[in-house]
Each structure stands twice: as C-alpha cells, then as structure tokens.
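Read off the chains here:
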Amino acid sequence: MTTEVILHYRPYESDPTQLPKIAEKAIQDFPTRPLLRFIPWFPHDGSRLPLKPKRSPPGISEEAAEDVRQYLAISECSIKSQSYDCTVDLLEFQPNLKRKKHLIQSYTLNEQTNSGSLEKQAEKEKRHKKRSWSVSSLPSSNCTENVFPLSKKLQDNLKALNLHSFYRARWTIDHTICNSQTLEDVWAKLNRIIRHNELPSCNATIQRHLGQIWVFCDIMYCEYVGNHLKGRLALTGKINLFVHKYGVVFSM
C-alpha cells in the first residue's frame, strides 16, 4: 500500500535533502500517551456519598399524591380522545363532492364573518386592557435644563455607598399616599406625564398586587423626578428612592 503525499513549500525552502524528511514526518502517526487513572480529591470508599445535601428532600403528603394521580388520569383520557386527523371539520373533505364548491364558498363567507367579529372583539378588549408598563423617550433639552445638581444630603449618601450618578434607581408610590385618588387614576396621570416626555430617562410599572407604582430613573435625575411626581400627582406622603442591592438610599 502506497500513500500519495502532496507537499507545498515556499521557494526558499526547496532543499532536496529536507523535503523527503518533512514528507515522512507529515505521514507519521501522532504520538499518544495513556491517560492517568482518575483519583478523586475527596475520601471515597463507595459506601456513602462524598457530598451530602444540606436539607432533606421535601415530603409529599398522600392527599397531594392522590391529586397528582387524578390529574394524570384525566390528562391521559383527554389525550386518548383527541383526533389527529387534520381533515376533520374541513368541509372541502366531505364525501359529498357535488356540494363541495358550495360548501367551500359558504365556509369562506363564514370565515370572513367570524374573523371580522373576532377583530372587533380584539379591538374592544385592547381598549379595555390594563396597561402595566410605560417608557419615556430620550430626555428633551427643555426637560434637562430644569434639572438642578443633587442635594448635599443625597450626594453624601451616594459617596458613602460608592454609587455613580448613572445608576438606575426606583421611586415607589404607595396607594396610601395617593390623596383620595385611586392607584389607577394616578397611573393614568403618570402615563400622560411620561408620554409628554416630562420625566427624563424614566420608565414606570404598576404593581397592582402590591398596590404600588414603581418609577425608574437615573440617579442624576432622581430629585427632579421625585419633586415632579409629588407635585403633578398630588401625592401627600413620603416617597422612597430604592437602589438594587442597596435598599432605600433617599426619601422625600
């Protein structure tokens, strides 16, 4: 058995004595070495686990296990009863071929009617859907002109915590400080304020299950945003400025 080797070399490497040696080395098998036997770095005699969980596994009560069994039984029945024939309920696959054309036309008409009613229903639901997020665009020049330097108290707090002014922070508006307004009323007002780009770099979300509104902003704008919120939304109590991993760093 012969092996054909094509050797490419540069013009200045055309030494006839070296080229055969290079070709021989190219077709030699790569050297291998046996792998060392794995020795665990922990004491292990095979009788017990080297690592033991800190807590024991949770126990499942007999009542919960019975609920799971009933659910699985119902799921299996529903899966077995499903039909996987994709032509079921398609009128054009009905056996009466003479009426096929009429059926397809009536089906198309019904489909158009149904889709029209579904669109109207979706539009109606969209109008009544409760929005939970609001995001502002880039801060306008008119807005940023009114932003004053941070107060000394806030600057001292930021210096003590080593926080940069570009950190994101969160003002929390609780339902208890809404001054006889509902949380939804305050949320609607806040959406209008953000839509008109009055709050720089802000986005907000309503946490209905907590009865709170969270307004996120850069720390450099936080005092301006906080004063604007208290004034425009007619808030009566104190709002807290929260920073992730640091907690409440300022209040007004």
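Residues numbered from 1 in each chain as written. Predicted model: local features only at pLDDT ≥ 70, side-chain atom pairs only at ≥ 80, totals over all residues. Heavy atoms only, no water.

As annotated in an unreviewed UniProt entry, the chain carries the name Shieldin complex subunit 3 and is attributed to Odocoileus virginianus.

Caption draft 1: Summary view of the packing of aromatic side chains. Overall, the coordinates contain one aromatic pair when judged by the stated rule. Centroid distance Trp-214 to Phe-216: 6.5 Å. Interplanar angle 80°. Geometry classified as edge-to-face. Look at Phe-216 and you get partly exposed, because its relative accessible area is 22%. Between the NZ or CZ atom of Arg-170 and the centre of the ring of Trp-214, over which it lies, the distance is 4.0 Å. Over the aromatic face of Phe-242 sits the side chain of Arg-170, whose NZ or CZ is 4.4 Å from the ring centroid. (Phe/Tyr/Trp six-rings, centres within 6.5 Å; stacked < 30°, edge-to-face > 60°. Buried < 20%, exposed > 50% of the residue type's maximum accessible area, 1.4 Å probe, protein only. Lys NZ or Arg CZ within 6 Å of the ring centre and 35° of its normal.)

Caption draft 2: Inspection of the pairing of strand β6 (residues 247-251) at higher detail. Pairing geometry for strand β5 (residues 240-243) and β6, over four bridges, is antiparallel. Bridge pairing in β6 links Val-243 to Gly-247. Linking β5 back to β6 in an antiparallel pair, the connection comprises three residues, with Lys-245 at a positive phi of about 75°. (Pairing = 2+ DSSP bridges. Helix = DSSP H or I, 4+ residues; strand = E, 2+ residues; numbered from the N terminus.)

Caption draft 3: Spotlight on the state of the cysteines. Under the counting rule described, the total for this entry stands at zero disulfides. Considering cysteine sulfurs only, Cys-202 is the nearest to Cys-217, which forms no disulfide, with 4.8 Å between them. For Cys-217, a relative accessible area of 0% translates into the label buried. Note on Cys-222: no disulfide assigned, nearest cysteine sulfur contributed by Cys-217 at a separation of 5.7 Å. (Disulfide = S-S within 2.5 Å.)

Caption draft 4: Up close: the pattern of salt bridges. Evaluated as defined, the whole model comprises six salt bridges. A salt bridge links Lys-152 to Asp-156; the nearest nitrogen and oxygen atoms lie 3.1 Å apart. Residue Lys-152 and its partner Asp-156 are both found in helix α5 (residues 152-161); the two are separated by four residues, about one turn of the helix. Under the relative-accessibility criterion, Asp-156 is labelled partly exposed at 40%. Glu-184 is paired through a salt bridge with Arg-208; the nearest N and O atoms lie 2.6 Å apart. Separated by 24 residues along the polypeptide, Glu-184 in helix α6 (residues 183-195) and Arg-208 in the loop between β3 (203-207) and β4 (212-218) bring together distant segments of the chain. (Salt bridge = Lys/Arg side-chain N within 4 Å of Asp/Glu carboxyl O.)

Caption draft 5: Representation of the environment of Val-5 in the model. With respect to the secondary-structure elements, Val-5 resides in the segment before α1 (19-27). Here Val-5 falls in the partly exposed class, since its relative accessible area comes to 36%. Val-5 has contacts with Ala-23 and Ile-27, leaving out every residue within four places of it along the chain. (Contact = heavy atoms within 4.5 Å.)

Caption draft 6: Structural view of α6. For α6, with 13 residues, the first-to-last C-alpha span of 18 Å sits near the 18 Å given by 1.5 Å per residue. Looking only at α6, the buried set comprises Leu-183, Val-186, Trp-187, Leu-190, Asn-191, Ile-193 and Ile-194. Buried residues along α6 cover an arc of 160° about the axis, so they all sit on one side. Note on α6: the residue one or two positions beyond its end, Asn-197, has a positive phi of about 60°. (Expected span 1.5 Å × (residues − 1). Arc of directions from axis to C-beta.)

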